[in-house]
Amino acid sequence: MGRWICCLCSRVAGLLMLLLVLALSCNPSTAATASPSVPHIKPSYSFGRTFLGLDKCNACIGTSMCKKFFKEEIRFDTWLSSHLKLPPSYLLSYSGNYTDDAKSWRLVDITRLTSKYWHDRADQRICTSLLKTKTCSLEHALRRTHRFQKWLRAKRLTPDLVQGLSSPMLRCPSQRLLDRIVRRYAEVPDAGSIYMDHLTDQDKLRLLYTLSVNSHPILLQIFPDVEGWPFPRYLGSCGRLVVSASTRPLRDFFSAAPEVAADLALQLLAVLRSMGTNDLNYFFYFTHVDAGTFGVFSNGHLFIRDASTLGIIDKEEGSQLIDGQQEYKDIFSCLTVDCQSAFVSCNSIREKHSLIMVCQELLPKLLKGKFLQPVQEKIDSFLQHCADGLADDQGVNEAVAKLADLLKPLRSCDSRFAYRYPDCKYSDKY
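Predicted model, so just to flag it, every value in this text is computed and none were measured.

A. Looking closely at the overall build of the chain. A count of helical and extended segments in the chain gives 15 helices and ten strands. Out of the 430 residues in the chain, the part that is buried amounts to 49%. In the chain, of all internal contacts separated by at least 6 residues, the share reaching a separation of at least 24 is 68%.

Written as structure tokens, this is what we have:
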């Protein structure tokens, strides 16, 4: 009897062991160590270093937004689906979406670091000019230049370090302006110092390269919208892509209703006035304007969309370079323009120049045929006086003042103009 019970116990134990093995093999949580599960891979954009321009760094803008791109917190156009491909890399700008919490998205502009007259020719020019080859390491070639070697040794960004650069912003530089650039350069940890001790060698090359190709990203950083400057907000960069707040170009409003056109024309004139007279005593002037220079936010507020053709004169300090010194040129001077191009004399620039260009190029397209007679006839007459006012400073200012007085009662006060509504209902200002 005892032997039978012992045998039965042995069989029961074997059966229980078999059931336990079967249970373990069916339970993924307990069998995980024996057979690891395949991780779930989230589909994502196939960002290449070439698309972003990271293969050209440190001849690029910076890397402050790269993490956002790779985490898909910046997506192109209205493409919120990860499986869609990236847009063509040859485009100069893209519409995108940006998020901080992966739930709410806002529109942004994604722009390549270019000038109005140049795309990728600068890279080839560096290699052919400095190393006599078609391709090369851009960083290696630029590091060997006399100008960059001076930047490496410099403790402070001084006018001699930027002389001869083609950027309008630096044709008439003051020490005060250059200190502002270093102190507010957003692609490095904020040191709040006018000295370049907190800039690494690669930071200095990125800053120099950006200033040489297109100063638009730098202007957005040193004159931010939160301080009242009429520029879109700079959000960051990755390689040669700049991310900023989204605006619609002014060209989209050339066929707008009369009251919208009148409102935008008045804002445009107000922006030009603020560029000539502001608390910091900087005088901003345009070297070129077109239908993409200005943009409009969704609330109807007009801003400078493209600051690449903006020059700056310091009315407090004046220029630290005499015109003769501006003639110094090297490879950094020639990245975006013909090296034979002559610089405009700082002393020849007048406040009326920007007004005249806007009266010639933009306001006629915005205001043409929008209003009933005799109002339209008066508008056209004032615009013509402004556009022809090269030899008459007072005539330009008078024509613009009369145009503004004529346009003010033509704009309306409603929710289409969210930037000033409902304030306009209770203020004589509007």
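Now, onward.
B. Spotlight on the pairing of strand β4 (residues 234–238). Across the five residues that make up β4, a large majority, five, are buried. As defined by bridge partners, β4 adjoins strand β5 (residues 241–245) across four bridges and the pair is classed as antiparallel. Residue pairing across strands places Cys238 opposite Leu241, the latter belonging to β5.

C. Molecular detail of the sheet that holds strand β1 (residues 74–76). What the five strands build is an open sheet, ordered β1-β2-β3-β5-β4; its pairing is antiparallel. Of all strands in the sheet, those with a lone pairing partner are β1 and β4, marking the two edges. When strand polarity is set aside, the average angle formed by the axes of neighbouring strands in this sheet is 30°.

D. Expanded view of the sheet that holds strand β8 (residues 294–296). The sheet built from three strands is open, its strands ordered β6-β8-β9 with antiparallel pairing. In the strand order of this sheet, the two ends are held by β6 (248–249) and β9 (302–304), each with one partner. In the sheet, β8 pairs with β9 via three bridges, with the strands oriented antiparallel. Considered in β9, the bridge of Phe294 is made with Ile304.

E. Focus on the pattern of salt bridges. Counted under the stated rule, the structure contains 22 salt bridges. Glu139 is the salt-bridge partner of Arg143, the closest N and O atoms lying 3.0 Å from each other. Separated by four residues within a single helix, Arg143 and Glu139 lie in helix α5 (residues 138–143), roughly one turn from each other. Overall, Arg143 belongs to the partly exposed group, its relative accessible area being 25%. The partner of Arg184 in a salt bridge is Glu227, with the nearest N and O atoms 2.9 Å apart. Pair noted here: Arg184 is in helix α8 (residues 175–184) and Glu227 is in the loop between α10 (216–222) and β4, with a separation of 43 residues, a long-range link. Through salt bridges that share partners, Lys68, Lys71, Glu73, Asp100 and Arg106 make up one connected network.

F. Quick peek at the packing of aromatic side chains. As enumerated under the stated definition, the model contains eleven aromatic pairs in all. Arranged with centres 6.0 Å apart and planes meeting at 45°, the rings of Phe51 and Tyr94 form a pair that is tilted. Here Tyr94 lies in strand β2 (residues 93–99) and Phe51 lies in helix α2 (residues 49–52), a separation of 43 residues in the sequence. Taken as a pair, Phe51 and Tyr94 share a single burial class, namely buried. Feature note: the residues Phe51, Phe69, Phe76 and Tyr94 constitute an aromatic cluster, connected by ring pairs. Sitting above the plane of the Phe417 ring, Arg420 keeps its charged end 4.6 Å from the centroid.

Criteria and thresholds
- Residues numbered from 1 in each chain as written.
- Predicted model: local features only at pLDDT ≥ 70, side-chain atom pairs only at ≥ 80, totals over all residues.
- Heavy atoms only, no water.
- Helix = DSSP H or I, 4+ residues; strand = E, 2+ residues; numbered from the N terminus.
- Buried < 20%, exposed > 50% of the residue type's maximum accessible area, 1.4 Å probe, protein only.
- Contact = heavy atoms within 4.5 Å.
- Pairing = 2+ DSSP bridges.
- Axes fitted to C-alpha atoms, helices over the stretch in contact; angles between N-to-C directions.
- Salt bridge = Lys/Arg side-chain N within 4 Å of Asp/Glu carboxyl O.
- Phe/Tyr/Trp six-rings, centres within 6.5 Å; stacked < 30°, edge-to-face > 60°.
- Lys NZ or Arg CZ within 6 Å of the ring centre and 35° of its normal.

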